[in-house]
Amino acid sequence: MKKVLSILFLFTMFISVGLKAFADEANEALNFFNRYVEAANSYSPAITKMYSPDAKIIRQVIKPDGTLVDLNTDTSTYITQMKLGQTTAKLRKYKNTYRKVTVSKAGSGYKISSERQPSGETYWLKTYMIVNKQPDGNWLITEEMMQTKVQALLKYAK
């Protein structure tokens, strides 16, 4: 009986340690997301360092008829476009508000899903990012999907 109780105790300890590690990393991922939102909404150049050089960037355009078109781009092109757009966004005081933020384990990283509301709009759009902790302890976005209603982006569809 003592042996069984000892095994159960050890098993419970291992499970507790594993859950705490998951909770700690999930919290770190959420903190990273909050820093991302702050950097984006303050037009900080730090946002460009939050992406993996080989991140998968998806803009999902919602057409007027409700159909979706995925536009994929590479990190370098996306960051160039982001830098160009920051000036106009800052002049317009453009910001995004996020709600329904959830964090879940996704492979070796974490998927942070939410709804995004562009400033001046009444609708909410789906978004997610997958973030991975690097060996140096920094977090990077390795995949990002944001829905948009900006139809002009469709000219980049292939």
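Overview of the structure. (Residues numbered from 1 in each chain as written. Predicted model: local features only at pLDDT ≥ 70, side-chain atom pairs only at ≥ 80, totals over all residues. Heavy atoms only, no water.)

In this section: the environment of Val61. By the secondary structure assignment, Val61 is in strand E1 (residues 51–62). Of the residues examined, Val61 reaches a relative accessible area of 0% and is grouped as buried. Sequence spacing of Val61 and Ala157 is 96 residues, and the spatial spacing of their C-alpha atoms is 9.7 Å. Excluding residues within four positions of it along the chain, Val61 makes contact with Thr67, Leu68, Val69, Leu71, Thr148, Val150, Gln151, Leu153 and Leu154. (Helix = DSSP H or I, 4+ residues; strand = E, 2+ residues; numbered from the N terminus. Buried < 20%, exposed > 50% of the residue type's maximum accessible area, 1.4 Å probe, protein only. Contact = heavy atoms within 4.5 Å.)

Take the layout of surface pockets next. In this structure, the largest pocket encloses a volume near 1,300 Å³. If you list the elements that add at least two residues to the lining of the largest pocket, you get helix H1 (2–41), E1, strand E2 (68–73), helix H2 (75–92), strand E3 (96–106), strand E4 (109–118) and strand E6 (139–148). Here the lining of the largest pocket takes eight residues from H2, the largest share from any one element. Grouping the amino acids of the lining of the largest pocket by side-chain chemistry returns 21 nonpolar, 11 polar and nine charged. (1 Å grid on protein atoms, 1.4 Å probe; cavity = no way out; pocket = protein on both sides within 12 Å on 5 of 7 lines; lining within 4 Å. Points joined across faces, edges and corners; volume = space filled by probe spheres on them. Nonpolar A, V, L, I, M, F, W, Y, C, P; charged D, E, K, R; others polar.)

This part covers the pattern of salt bridges. Here the structure, examined in full by the defined rule, presents four salt bridges. The partner of Glu28 in a salt bridge is Lys133, and the shortest N-O contact between them spans 2.9 Å. Of this pair, Glu28 sits in helix H1 while Lys133 sits in strand E5 (residues 125–133), placing them 105 residues apart in sequence. Taking the shortest distance from any N to any O, the salt bridge between Arg99 and Glu115 comes out at 2.6 Å. Of this pair, Arg99 sits in strand E3 while Glu115 is found in strand E4, placing the two residues 16 residues apart along the sequence. Overlapping salt bridges, with partners in common, bring together Arg99, Lys100 and Glu115 in one network. (Salt bridge = Lys/Arg side-chain N within 4 Å of Asp/Glu carboxyl O.)

As a further point, take the nonpolar core. Membership of the largest hydrophobic core comes to 23 residues, with the highest contact counts inside it found for Tyr36, Tyr51, Met129, Val131 and Ile141. Breaking this core down by element, the ones donating at least two residues are H1, E1, H2, E4, E5 and E6. In this view, Tyr36 contacts Ile47, Met50, Tyr51, Tyr98, Met129, Ile141, Glu144 and Met146; residues no more than four positions away in its chain are not counted. (Core = buried A, V, L, I, M, F, W, Y, C linked by side-chain atoms within 4.5 Å.)

Let us now look at the sheet that holds E2. In space, the six strands of this open sheet follow the order E2-E1-E6-E5-E4-E3, with mixed pairing throughout. Looking at strand neighbours, the two that pair on one side only are E2 and E3, the edges of this open sheet. On average, each strand axis in the sheet is tilted by 20° relative to the strand beside it, whichever way the strands run. Looking at chain direction, E4 and E5 are connected through seven bridges and run antiparallel. Looking at E5, one finds that Tyr110 is bridged to Val131. Across the sheet, H2 touches E1, E2 and E6, and the angle it forms with E1 is around 70°. (Pairing = 2+ DSSP bridges. Axes fitted to C-alpha atoms, helices over the stretch in contact; angles between N-to-C directions.)

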